[in-house]
Amino acid sequence: MLDKTYQPKDVEQRLYESWEQGGLFKAGRVDGDPFTIVIPPPNVTGSLHMGHALNNTLQDILMRWQRMKGRDALWQPGMDHAGIATQMVVERMLAADGIDRRDMGRETFVDKVWEWKAESGGMITRQLRRLGASCDWSRERFTMDEGLSTAVTKVFVELYRDKLIYRDKRLVNWDPKLLTAISDLEVESTEQKGHMWHFRYPIEGRDGQFITVATTRPETMLGDTGVAVHPEDERYRDLIGTNVVLPLVGRLIPIVADEYADPEQGSGAVKITPAHDFNDFEVGKRCDLEMINILDAHAHLNENVPQAYQGMERFAAREKVIADLDALGLLERVEEITHTVPFGDRSGVVIEPWLTDQWYADAETLARPAIEAVEDGRVEFVPKNWENTYFEWMRNIRPWCISRQLWWGHQIPAWYGPDGEVFVAYDEAEAQTAATAHYGKTVELTRDSDVLDTWFSSALWPFSTLGWPDETPELAKHYPTDVLITGFDIIFFWVARMMMFGMHFMKEVPFHKVYIHALVRDENGQKMSKSKGNVIDPLELIDEYGADALRFTLAAMAAQGRDIKLSEQRVAGYRNFTTKIWNAARFCEMNECVVTPDFDPANLQQPVNRWIVGALSDAAAGIDRDLSAYRFNDAANGIYRFTWNLFCDWYLEFAKPLLRADDANIVSETRATAAWVLQRILTMLHPFAPYISEELFQKMGGEGSISTSSWPAQDQSNPEAAREFGFIIDLISEIRSLRAESNVPAKAQLTAHFPDLDATRRGWIDGNWDLVSRLARLSGLSDEMPGGNDAAEVVVDGARVVLPLADAIDVDAEKARLTKEIGKLDTEIDRITKKLGNEKFVSRAPEHVVAQERDRRTDAEAAKVKLQDALDRLTAG
């Protein structure tokens, strides 16, 4: 006997352990076509946040659905070693004990990181299990495990030998606290109030003449090597080719013509510091300007600046430069501005564009086949508009800086000879052989201390996790994968790079579809952040409402291209859906509804049973179509509507008299139908809500696990029954609504008049009169119009239904009540409209407050329409 209520905490861990121990998530189905997804590997330091919850819920829905459809489904799990994040975690742990990694040395520190991973890493994989993620955990990989490390080394060496990896001196995002280059993704751009300083640079040989430039970083002027003006700017045409004297330094720097200078901005002249600004770096290359690095790794000024500034911290130097220029009369003005400042997302310090020697990949060459693969449709983005974002980045791609100044990660397989000659090899022995051949003798080699960007190893994820570079059966069967599900923020950093490496090494795309899901925001549409205090913890929601409620909420709200506004109330609402299903199962159990082995839906005699079986077939087909098109919200709402509306609210209500009938054949058929349909509801529900569907499946006599069940067949569609019962349901619903809106007492029995009913609909009503009369509380029906004016009218599927109300309510009083309520709503709508028309309110109020007012007006307008309809019905009568 089922418990009165469903308690997720009593079920979820037990069921998940049984699934995993039973090997139900393992790929290897011999008779099934492959279906493959590689999980976006979470950081080994990570913990489950709402973005993970959405991403993995959508993946799990597809995997469970495809398993039920007979596919050999592989969901490849694993974790990323997360270079900077992991190194910081272990450094902080050591610092708490007064230990600095530099004192212990690289090898000992790396050993400590492995110890930390073994003891504390991978918490997120345990949390994914709580969510219900059905990954093939027996195949779990780590980006620094032995096999993947071999793949990384092979890729680096081959790309180097193909001249697609090289060493160069270029600008990078430099973190002066972590002392490493970082990727654009690890830079947080923050708007801040600041200043724009306008300085006057003396023009050489023109006493008393100056050219004005402006900067937000005055300290960088010590590294200026040019001033740029637009070639068409008449004000400066005669100055192009002349020099200015760089204040404080005395260096002569040229005035050059470059279209980067905007005549409409400021003075139209721009100071150029090629070694400390990305745009200036490009101008410097075009104009052949000297590149002078004025900062050391700690962002202190170095030996390339005048003695007075050497060794100063950058912001202290800024103040001194401003003061010294002001003292020379060269500070023209200071402007207060709001501008964007780049911060390291982990260190929290301002990032410096810094000129340094790094390893680079020739991304432009690697990108060409990856661009073509999307252009010709071999890879499709869903929604399609994200292809534009992909193209924009790929067609304007820059060299990819792949080296990082860290200890944790894949150490670059490059060794240097005594004169700096580099030898890239699979291992030190191979490098030593090459060096001996080069020098003609044995020399001591020094290995490059840098490690590879984390995105380098994760770019191999779709094929390295399947065993490459070995030619494994899994690689042959499951590459290319079917779909990648990910967020828009890593299209550049991960999706594009998997495309580049997949095309280069596998000569084939890594996946056929890329589904880009939206952001999960708070209920007011605000981005979640700790500083705002609006972060919703998915694990807390699972504790409170169960994993199924959270999963179903996320799926039901995952409309393509639209961010999710999540609230706890939404999750509570879908918890009610699981309660509804549980109660339906209890109703079936109490009425002895049991699946019979010989049940054949084709032999059903009762129209209502034929109808629900046909509706089930249609629902399964609809969910199939929606999931195939990655319309997760439509699929979730499809199972919701069928289960709650058709099965629970209507079919079980229609079935009650049949379950109490005197005819044993009617009773047995209805019991079997109810049980058969419920079991298939659980099957369709399983991808979205795996726990409650499994628990009910097993409690109600299902064999094995529901996850091994077949997806419901879609060959029982019954359009005629759908039309008939669709009309009956609409008829009962409209009459009920009319009664409620007109305040007709619940016990009052009315006569329904159908003055223009056709034969088909009359037959449907006659055939189901017991249901209609009981559920709509009708005492009779008539084909004639009623006498008098005190009646209400509604139209159902083209058929007029007139209900005399004089004996049930005071019609005039009801009209007066409705008119009064409509007046109140008109007043409320007018008040809100005026408020929203107030520019001061709209500009000053928080965005979510304005949105709430708009929602209130929409709700009031909808309520008015409903009341006006009720009034119109009474008036029409």
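Preceding this section is the structure that the text describes.
Bear in mind that the values here come from a model prediction, so they are computed numbers and not experimental data.

Visitor: What's the story with the overall build of the chain in this structure? I'm lost.
Guide: In terms of regular secondary structure, the chain is built from 29 helices and 29 strands. Referenced to the eigenvectors of the C-alpha coordinate spread, the extents of the chain come out at roughly 110 × 65 × 55 Å. Counting across all 877 residues of the chain, residues that qualify as buried make up 53%. Considering only residue pairs separated by 6 or more positions, the chain has 77% of its internal contacts joining residues 24 or more positions apart.

Visitor: I keep staring at the sheet that holds strand β6 (residues 180-182) and nothing clicks. Help me out?
Guide: Sheets are built from strands that pair by backbone hydrogen bonding, the pairs being arranged parallel or antiparallel. Pairing in this open sheet of four strands is antiparallel, and the strands run β6-β5-β14-β16 from one edge to the other. This sheet does not close on itself; its edge strands, each paired only once, are β6 and β16 (400-401). Here strand β14 (residues 352-361) runs beside β16; their pairing, made up of two bridges, is antiparallel. In the sheet register, A361 faces β16, and the bridge partner there is W400.

Visitor: Just checking my understanding: could you explain the pairing of strand β22 (residues 481-487) for this structure?
Guide: Side chains on a regular strand alternate between the two faces of the sheet. The buried fraction of β22 amounts to seven of the seven residues, a majority that puts the element mostly inside the structure. Sheet topology places β22 next to strand β23 (residues 511-517); six bridges connect them, and they run parallel. Residue L484 lies in a different strand from β23, and its bridge partner there is V514. With respect to chirality, the unit in which β22 leads through helix α16 (residues 491-506) into the neighbouring parallel β23 is right-handed.

Visitor: Please explain the sheet that holds β23 as it appears in this structure.
Guide: An order of β15-β23-β22 is seen for the three strands of this open sheet, with the pairing classed as parallel. Each of the sheet's edge strands pairs with one partner strand only, and the pair in question is β15 (380-382) and β22. For this sheet, the mean angle separating the axes of adjacent strands, direction not counted, is 20°. The strands that α16 touches are β15, β22 and β23; relative to β22, the one it contacts most, it runs at about 165°.

Visitor: Please explain the nonpolar core as it appears in this structure.
Guide: Most often, soluble globular proteins keep nonpolar side chains buried together rather than apart. By size, the foremost hydrophobic cluster in this structure holds 204 residues, and its most contacted members are F501, W611, F647 and F654. Among the elements that make up this core, the one with the highest residue count is helix α21 (residues 632-659) (14 residues). In this structure F654 touches V608, W611, F725, I728, I729, I732, L771, R774 and L775, once residues within four positions along its chain are discounted. Within the second largest apolar cluster, 37 residues are counted, among which are V229, M312, I322 and L330.

Visitor: What exactly am I supposed to notice about the packing of helix α17 (residues 538-545) against helix α19 (residues 568-590) here?
Guide: The description of two helices packed together rests on the angle between their axes and the distance between the axes. Between α17 and α19, whose axes approach to 11 Å, the crossing angle comes to 35°. Handedness of the α17/α19 crossing: right-handed. Contacts from L541, E544 and Y545 of α17 reach α19 at E568, V571, A572 and R575. When grouped by side-chain class, the residues that make up the contact of α17 with α19 number four nonpolar, no polar and three charged.

Visitor: Mind showing me how you'd approach helix α6 (residues 123-131) here?
Guide: The periodicity of an α-helix, 3.6 residues per turn, causes residues three or four places apart in sequence to face the same way. Residues of α6 that are buried include every one of I124, T125, Q127, L128, R129 and L131, and no others. Summarising the contacts, the buried residues of α6 are in contact with α1 (12-21), α2 (50-68), β3 (78-79), α17, α18 (547-556) and α23 (690-699). Two residues or fewer past α6, G132 is found with a positive phi of approximately 105°.

Visitor: Teacher, can you tell me more about unusual backbone geometry here?
Guide: As a rule of thumb, non-glycine residues mostly have phi less than zero, and peptide bonds are mostly trans rather than cis. Across the junction of V382 and P383, the peptide omega takes the value -5°, indicating a cis bond. As for its position among the elements, P383 is in the loop between β15 and α11 (386-394). A cis geometry characterises the amide bond from Y479 onward to P480, with omega recorded as 0°. Mapped onto the fold, P480 is located in the loop between α15 (473-478) and β22. Even without glycine at this site, R777 takes up a positive phi of about 55°. Topologically, R777 is positioned in the loop between α26 (769-776) and β27 (778-782). Classification of R777 as partly exposed rests on a relative accessible area of 37%. The residue D797 is not glycine, and still its phi comes out positive at about 50°. The topology assignment puts D797 in the loop between β28 (791-796) and β29 (799-804).

What counts and what doesn't
- Residues numbered from 1 in each chain as written.
- Predicted model: local features only at pLDDT ≥ 70, side-chain atom pairs only at ≥ 80, totals over all residues.
- Heavy atoms only, no water.
- Helix = DSSP H or I, 4+ residues; strand = E, 2+ residues; numbered from the N terminus.
- Buried < 20%, exposed > 50% of the residue type's maximum accessible area, 1.4 Å probe, protein only.
- Contact = heavy atoms within 4.5 Å.
- Pairing = 2+ DSSP bridges.
- Right-handed = clockwise from strand over helix to strand, strands pointing away.
- Axes fitted to C-alpha atoms, helices over the stretch in contact; angles between N-to-C directions.
- Core = buried A, V, L, I, M, F, W, Y, C linked by side-chain atoms within 4.5 Å.
- Left-handed = near helix turned anticlockwise from the far one by under 90°.
- Nonpolar A, V, L, I, M, F, W, Y, C, P; charged D, E, K, R; others polar.

Purely spatial values, then, with no claim about function.
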